[in-house]
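Read off the chains here:
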Amino acid sequence: MTWGELLKQGQERLKKAGIQEYELDAWYLFEQAFSMSRARYFLDAKEEAAPGDEALKAYEDGLERRSGRVPLQHILGTQEFMGMEFFVNAHVLIPRQDTETLVETVLNEQKNRNISVLDMCTGSGCIAVSLKALGGYARVAAADISPEALEVAEKNAGTYPVEFRQSDMFAAFEPGRDMFDVIVSNPPYIPSEVIRGLEPEVRDHEPLGALDGKEDGLYFYRILAEQCGDFLNQDGSVYFETGHDQGAAVKSLLESHGFQDTKVIKDLAGMDRVVRGTWLGQIRK
């Protein structure tokens, strides 16, 4: 069997299992298992394959897990986000390109590096670490209810000085002491009834706590809208990722709790993706 045939065999196996991007997924598993670059593959595709036993087993195991609808990122252990590689596992939501809109919006609007930023519901830490790495902000903190998620986030932070805190939303924060100029969040926002219809990779393998926004998907936005003002300096800003049909509702929530200069920002596909607002320190309604 040649290297090309070995790869083709993997592609056919994933195609039979109903994997939509079977060719690409098979390549990533092949590349990781055999440490083979695209350039080398094109040179050696017709050569007789001579994989080591461990490498072949890794390839077979990867194909078996992917055929069982385990996310490719969990098998590979990484996901690219904002040009960086992030470690992921079953304890955190896999970073999506949609979330890059949130990070890019903050970077575009917050040019002052001498500010403090809090990432609530940090998960893998991809938002917090990206803001620290690319924005160079003086202080970046991140919180999550899950200790397992925080372990992943701390690993992803590496040498970047991000402060991590285990907290059920703002429960472990004290108003007047824990104050920030910017609060960002990609909270759970999928309505509970919708989750059962998601792809198996998401429904069965990503943490339910990072997906479930309760009955209407707005549960955590209500908490954020109500409590963020207690932890924002005057003229501070909030930036929340939302579902494609939630922009207007989240914008209204912010306005009802005294936020001004609210705006819904669309992603590259033209869908609502980020809601931002400014806290002027006024009396709450």
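Further up the page is the structure itself.
Residues numbered from 1 in each chain as written. Predicted model: local features only at pLDDT ≥ 70, side-chain atom pairs only at ≥ 80, totals over all residues. Heavy atoms only, no water.

S.K.: I tried to follow the packing of helix α2 (residues 22-34) against helix α4 (residues 53-67) on my own but got confused; where do I start?
M.R.: A pair of packed helices is characterised by two quantities: the angle between their axes and the separation of those axes. Following both chains from N to C, one finds α2 and α4 inclined at 155°, their axes separated by 8 Å at the closest point. The angle between α2 and α4 places the two elements in the roughly antiparallel class. In this structure, the crossing between α2 and α4 has a hand that is right-handed. On the side of α2, the interface is formed by D25, A26, L29, F30, A33 and F34, while α4 contributes A55, L56, A58, Y59, G62, L63 and R66. (Axes fitted to C-alpha atoms, helices over the stretch in contact; angles between N-to-C directions. Helix = DSSP H or I, 4+ residues; strand = E, 2+ residues; numbered from the N terminus. Parallel < 35°, antiparallel > 145°, perpendicular 65-115°, else oblique. Left-handed = near helix turned anticlockwise from the far one by under 90°. Contact = heavy atoms within 4.5 Å.)

S.K.: Explain the pairing of strand β1 (residues 78-81) to me, please; I cannot follow it from the model alone.
M.R.: Side chains on a regular strand alternate between the two faces of the sheet. Burial of the side chains of β1 is restricted to one face: Q79 and F81 are buried, whereas none of T78 and E80 on the reverse face is. As paired elements, β1 and strand β2 (residues 84-87) share 4 bridges and run antiparallel to each other. Counted as the bridge partner of Q79 is F86 from β2. What sits between β1 and β2 in their antiparallel hairpin is a turn of 2 residues, with M82 showing a positive phi close to 55°. (Buried < 20%, exposed > 50% of the residue type's maximum accessible area, 1.4 Å probe, protein only. Pairing = 2+ DSSP bridges.)

S.K.: Just checking my understanding: could you explain the pattern of salt bridges for this structure?
M.R.: Two side chains carrying opposite charge are able to pair once their charged atoms lie near each other. All told, the structure shown has 23 salt bridges when counted by the stated rule. The salt bridge partner of R222 is D216, with a shortest N-O separation of 2.5 Å. When its relative accessible area of 35% is taken as the criterion, R222 is described as partly exposed. Residues joined in a network through salt bridges with shared partners are D25, R66, R69, E199 and E201. (Salt bridge = Lys/Arg side-chain N within 4 Å of Asp/Glu carboxyl O.)

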